[in-house]
Amino acid sequence: MMFQTTVGFECEALSEGWAIVEHTDEPREKIRWRYGIGSVLEWEFKRGDQTRNVRHYAIYRFDETLVDIDEALASSDVVVVNFGVHWMDSRGYREAISSLLEHLLPHASTHTIVWKESYAQHHDNEGGEYSSKNNEIKTKNCVDVVYGDMFSHMWRDVIVRDVALGLGYDIVWLNETSNGVEK
């Protein structure tokens with residue numbers, strides 16, 4: 001899960017009456033700053049006689065060996081994947097997603113795998129995207145997202161859908177954004 005998603009998850013659990021019994025954050029040493037597990041956050045929630053344990057592996061980009069994904073799979077029943085918000089290159093993104101989803105496919109019968117769509121960041125440029133040499137951020141203001149010739153709405157999720165269906169995943173789409181287009 002992205003860190004923002006994790007914070008939202010924690011707030012939602014608290015609003016539903018779950019109490020945090022314990023929360024830990026274990027920073028990890030990464031070989032390269034973008035790749036691998038940055039930290040592992042854990043929660044124990046309790047509501048009445050029910051207890052739930054949640055572990056969040058903060059991974060900006062997974063390591064090419066996918067050892068970080070294997071660690072998450074080894075300790076999880078449900079895996080929530082959210083990946084790609086800073087990817088600007090659709091070809092490179094397709095290759096990375098293909099590698100990840102091919103790796104996860106054998107686990108689809110023993111784990112629930114949830115894809116959380118990658119949403120725009122609302123930067124003041126086309127598509128709300130992270131800055132690039134062809135799409136500089138105009139101001140530091142958070143603005144409504146405007147799409148044009150460079151970026152289309154939810155283009156990353158169009159790629160994820162295409163790759164997942166091509167690999168034979170059994171997909172149930174929940175609250176899907178329906179007008180994504182890959183350019």
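Residues numbered from 1 in each chain as written. Predicted model: local features only at pLDDT ≥ 70, side-chain atom pairs only at ≥ 80, totals over all residues. Heavy atoms only, no water.

1. Concerning the confidence of the model for the protein chain
Now for step 1: Per-residue pLDDT for the protein chain has a mean of 80; in total, 82% of the residues score no lower than 70.
Now for step 2: Across the protein chain, strand 1 (residues 19–27) holds the top mean pLDDT of 92, while helix 1 (residues 3–15) sits lowest at 76. (pLDDT = per-residue confidence, 0-100. Helix = DSSP H or I, 4+ residues; strand = E, 2+ residues; numbered from the N terminus.)

2. Thoughts on the pattern of salt bridges
Now for step 1: For the structure on display, the rule yields five salt bridges.
Now for step 2: Among the salt bridges present, the one from E71 reaches R28, with a minimum N-O distance of 2.7 Å. Remark: R28 occurs in the loop between strand 1 and strand 2 (37–47) and E71 occurs in helix 2 (residues 67–74); sequence separation between them is 43 residues.
Now for step 3: A salt bridge links R94 to D162, with the nearest nitrogen and oxygen atoms 2.7 Å apart. Separated by 68 residues along the polypeptide, R94 in helix 3 (residues 90–104) and D162 in helix 4 (residues 155–167) bring together distant segments of the chain. (Salt bridge = Lys/Arg side-chain N within 4 Å of Asp/Glu carboxyl O.)

3. Looking at the sheet that holds strand 1
Now for step 1: With respect to topology, three strands assemble into an open sheet ordered 1-2-3, the strand pairing being antiparallel. Of all strands in the sheet, those bounded by a partner on one side alone are strand 1 and strand 3 (50–59). Neighbour to neighbour, the strand axes of the sheet diverge by 10° on average, direction disregarded.
Now for step 2: In terms of strand pairing, strand 1 meets strand 2 through eight bridges, oriented antiparallel. The partner of E22 across the bridge, within strand 2, is E44.
Now for step 3: Taken strand by strand, helix 2 contacts strand 2 and strand 3, and its axis lies near 180° from that of strand 3. (Pairing = 2+ DSSP bridges. Axes fitted to C-alpha atoms, helices over the stretch in contact; angles between N-to-C directions. Contact = heavy atoms within 4.5 Å.)

4. As for the environment of A13
Now for step 1: When you line up the elements, A13 lands in helix 1.
Now for step 2: On the basis of relative accessibility, which here comes to 9%, the residue A13 falls in the buried class.
Now for step 3: Each C-alpha atom of the pair A13 and R47 lies 9.8 Å from the other, and the pair is 34 residues apart in sequence.
Now for step 4: A13 has contacts with W18 and F45, leaving out every residue within four places of it along the chain. (Buried < 20%, exposed > 50% of the residue type's maximum accessible area, 1.4 Å probe, protein only.)

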